[in-house]
Amino acid sequence: MKLEVLEVSASPHIRVGDSTSRIMWRVVAALLPALAVSVWLFGMQAMRVVFVSVFVSVLTEFIIRNARKKDMTIGDGSAVITGVLLAFVVPPTTPLWMVAIGAFCAIALCKEVFGGLGMNIFNPALASRAILLAAFPVQMTAWITPDGISCATPLAIIKEGGAAVVPETIDLFVGTIGGSLGETSAIALLIGGLYLIVSKVIKWEMPVVYLGGIALLSLFLGRDPLVAILAGGAMLGGFFMITDMVTTPITRMGGVVFAAGCAIITVVIRQWGGYPEGVCYSILIMNALTPLIDRVCMPRVFGKKKVIAPPVLKAAKSNCATEAGCAGCK
Amino acid sequence: MIGSFHGGVHPPDKKDKSLLNPIRKMNPPDRVIIPLIQHIGAPAAPCVKVGDSVCTGSLIGMPDGFISSAVHASISGTVKRIDMFPHPVLGMAPAVMIESDGKDTLDPSIHEVDVLSYTAEDIIACVKACGIVGLGGAAFPAHVKLSPPETKPIDTIVINGAECEPYLTCDHMTMLFSPLKVLRGAAAVTKAVGATRCIIGIEDNKMDAIELLKSKVRSEGFTNIEVEALHVKYPQGAEKQLIYALTKREVPAGGLPMDIGIVVHNVGTVAAIQDALRYRKPLYERLVTVVGTSLRASYNMSVRIGTSFEDVIAATGGLLSPPKKMIMGGPMMGIAQERFDVPVIKGTSGILLFNKVDFDLGKPGPCIRCGRCVDICPMHLVPSALSIFGEREAYEDADGYNVNDCMECGACTYVCPAKRPIVHIIKKIKHVLRQKK
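The rules behind each value
- Each chain has its residues counted from 1, running along the sequence as written.
- Throughout, the order in which chains and ligands are written sets their labels, letters from A for the former and numbers from 1 for the latter.
- Two thresholds apply to this predicted model, a pLDDT of at least 70 for residue-level local features and 80 or more for giving and counting side-chain atom pairs, whereas whole-chain, interface and lining totals are computed over all residues.
- To obtain the side-chain values, all non-hydrogen atoms of the structure were included, while hydrogens and water were left out.
- Between buried and exposed lies partly exposed: a residue is buried under 20% and exposed over 50% of the maximum accessible area for its type, with that area taken using a 1.4 Å probe on protein chains only.
- Secondary structure elements follow DSSP: runs of H or I no shorter than four residues count as helices, runs of E no shorter than two count as strands, and numbering proceeds from the N terminus.
- Whether two strands pair comes down to DSSP finding at least two bridges between them.
- Classification of ring pairs uses Phe, Tyr and Trp, with its six-membered ring standing for Trp, and accepts pairs whose centres are within 6.5 Å; under 30 degrees between planes counts as stacked, over 60 as edge-to-face, and the remaining range as tilted.
- Axis definition: a line fit to C-alpha positions, over the contact stretch in the case of helices; interaxial angles, taken between N-to-C directions, run 0 to 180 degrees.
- Roughly parallel here means an angle under 35 degrees, roughly antiparallel means over 145, roughly perpendicular means 65 to 115, and every remaining angle is called oblique.
- For a crossing to be left-handed, the near helix must be turned anticlockwise from the far one by less than a right angle; the clockwise case is right-handed.
- Here a residue-residue contact requires only that any non-hydrogen atoms of the pair lie within 4.5 Å.
- In this classification, the charged set is Asp, Glu, Lys and Arg, the nonpolar set is Ala, Val, Leu, Ile, Met, Phe, Trp, Tyr, Cys and Pro, and all remaining amino acids, among them Gly, are polar.
- Throughout, the edges of the domains are those of an automatic or database domain assignment.
- By definition, the buried area sums, over both parts, the 1.4 Å-probe accessible area that each loses when the two are put together.
- As used in this structure description, the phrase polar contact means that two N or O atoms lie within 3.5 Å; if the pair is within protein, one of them must be able to donate a hydrogen and the other to accept it, and residues adjacent in sequence are counted only when both atoms belong to side chains.

### Quick notes on the pairing of strand S13 (residues 285-291) of chain B
Regular strands show a simple pattern: their side chains alternate between the two faces of the sheet.
Residues and elements named next belong to chain B.
Next, step 1: Where burial is concerned, most of S13 is hidden: seven out of the seven residues are buried.
Next, step 2: With burial as the criterion, each face of S13 is covered, one bearing Glu285, Leu287, Thr289 and Val291 and the other bearing Arg286, Val288 and Val290.
Next, step 3: In terms of strand pairing, S13 meets strand S17 (residues 350-354) through three bridges, oriented parallel. Directly across from Val291, in S17, lies its bridge partner Leu352.

Have a look at this one:
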């Protein structure tokens, strides 16, 4: 019996077929219907915005990973998702150089500085949108109809309460309204979102609680609940932003709390805030609360009577960059 | 209602191959290496010298302390060496090497006895004398489980026929071909601890075994034994999850099944207990599932303890291709072996031989917090957080996240899309925490 050397590894010796990159590329696939609709609505300009955003995102990640001498991760699809999502949350008319700055900020400032995939606290696309909104408030709120005529978004019309009329529900559903590049078509986002639920990439509870919460709270405040979830960024946020695994709670219970929190903040901003839309900021605020939610929503350990929240973490000294240990370590 | 628990994973069960062929009884090998430590607890103390003649079933190692187990010769012949030898779990361990005289003479103590007159004490003494340990893999001495302290009365015996590890079918075979042995052994164990009820839990991918045992329970009048179907799900056969699935009782964290009035034994163990009671037959052979893509044919082999893996493989008909990985036990919790001369021990439920293509473990990446490990953890822990604490050497933080409640089933690692070696890191954390205490 001629035998070669046996390989030794720790158990388990089998693994499920799924992988990080397969999950990420499934999310990219789920974004395609909305991308197709936005190209149909806004033409090649939409395509150019998406292309620049994705290209700069991937390029930024490539350069930074190389500079940091870390494993190359551009193939895992996560930078592509960030690129597409960023393009989806800016107006279709955004100048391409502005899109490029946004994509650079998303990857460099909102993802890689934290350590790359899995480490960032805030959703990179939304954090970068917040940066762009602060830096270029005029261009970032210059909305057009698919015919290229400048207009207000449905939520802005509601906020202003002027003479303009809120579009028909069917327009909100198909997407023939003013709004960010990829957020207008509820039906296309719904198709992609359902695919993610069926393929078990996202937790179904999160969009259900988020969209249901917005509808209920809006109804309570005397707003049209259907308009509340179809207009603005609720569909995009509910299926693609609050379901970002890295920046949201890890437990199912935590996910529900997160989605409910996002729904409340979204409606509060829409009703009483300075902006007509609150999806972006609601998610960023809840992103910041994610570690706290995770700590509170620990599952009950099998064989223990009740949930015991873990003690506040003491960062290990060996993990500290400072030689003697910084104040946080002591 | 089919029993289950919250969490768990569904790896392909791959049990068909080894079920195709009948049980093959392997001839006693020319040489055996019998480790003196094959169980949880203290090693047995050798009671033979080099040069002694032994019969099949002769005592060669005395239990050393309460949590220890007797070890017996598995062939007749001469003791050649007592030394450190390769061991499939411990690397190297003290063992007795016996060379066969080719006769396979049974020890005179092995003969049929009248079981019915046995009292509970007789049963426990016999189980101890025959060196019976748990055959599911952990190899905990069976007599210890049968002797709970008086403060912990036992009302229910749970018999584990889940066999949730993929590939393994030796328990299934035992139930199919020795149903009465299993039932009588279960009844004896129930009597030994004074329990009133015995539940046999079997995953419902073994409907033939469930039906057979149910019909035997009826026809033979085992009034206090119930046979229950369980969902096919790993780790259905983990002690705490099995108990929960069958009785809805939760073993308290850090506690033992006896704390809630339950004792668990594997079906193979109770069959061995029945042999021990009926014939005073020590545990010197066991059923081993030998399966894998590197083999010409897969079998459940009846193998003498101490036979080298090499000899077992040869007895199945040999290799089709050189294996790249050899595992003792199942693919989820089994231990990868680096040499072919390790002996079969009492806890060897399977020998798995794989080509490279069968075990693509992937390259570990960062945790993307998908939460799948949290969803499926049968102990309801947060494995992803534990793995990150482990990488940062933040062991005390891991302690706060209940790392010591992990039973190391590996379901988290199986399901991780980032291919992180989560359970391996957790084992390291637990080791470090033990050292600190």
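### Observations regarding the packing of aromatic side chains
Next, step 1: Summed over the entire model, instances satisfying the criterion amount to six aromatic pairs over all chains.
Next, step 2: A centroid spacing of 5.7 Å and a plane angle of 25° characterise the contact between Tyr275 of chain A and Tyr281 of chain A, whose relative ring orientation is stacked.
Next, step 3: You can call Tyr281 of chain A partly exposed: its relative accessible area is 25%.
Next, step 4: Look at Phe302 of chain A and Tyr244 of chain B: their rings are 5.9 Å apart centre to centre, the planes differ by 80°, and that puts the pair in the edge-to-face class.

### A closer look at the packing of helix H9 (residues 205-220) of chain A against helix H11 (residues 234-241) of chain A
Residue and element names in this part refer to chain A.
Next, step 1: Closest axis-to-axis distance for the H9/H11 pair is 9 Å, and the angle between their directions is 160°. On the basis of the axis angle, H9 is roughly antiparallel to H11. Crossing hand, H9 versus H11: right-handed. Residues Pro207, Tyr210, Leu211 and Ile214 of H9 touch H11, and the partners they reach there are Ala234, Met235, Gly237, Gly238 and Phe239.
Next, step 2: Here the residues of the contact of H9 with H11 sort into seven nonpolar, two polar and no charged.

### Side note on the domain arrangement of chain B
Residues and elements named next belong to chain B.
Next, step 1: Domains assigned within chain B are domain 1 (28-109 + 282-357), domain 2 (117-279) and domain 3 (372-436).
Next, step 2: On a C-alpha basis, the centroid separation for the pair domain 2 and domain 3 is 29 Å.
Next, step 3: Taken together, the contact pairs seven residues of domain 2 with six residues of domain 3.
Next, step 4: For the domain 2 and domain 3 pair, buried surface summed over both sides reaches about 460 Å², with 63% attributable to carbon and sulfur atoms.
Next, step 5: By the criterion of area lost to domain 3, the three top residues of domain 2 are Tyr234, Pro235 and Gln241, representing 68% of everything that side buries.
Next, step 6: Counting across the domain 2 and domain 3 interface gives two residue pairs in polar contact (both at pLDDT 80 or more).
Next, step 7: Residues that form the side of domain 2 that touches domain 3 fall into these classes: four nonpolar, two polar and one charged.

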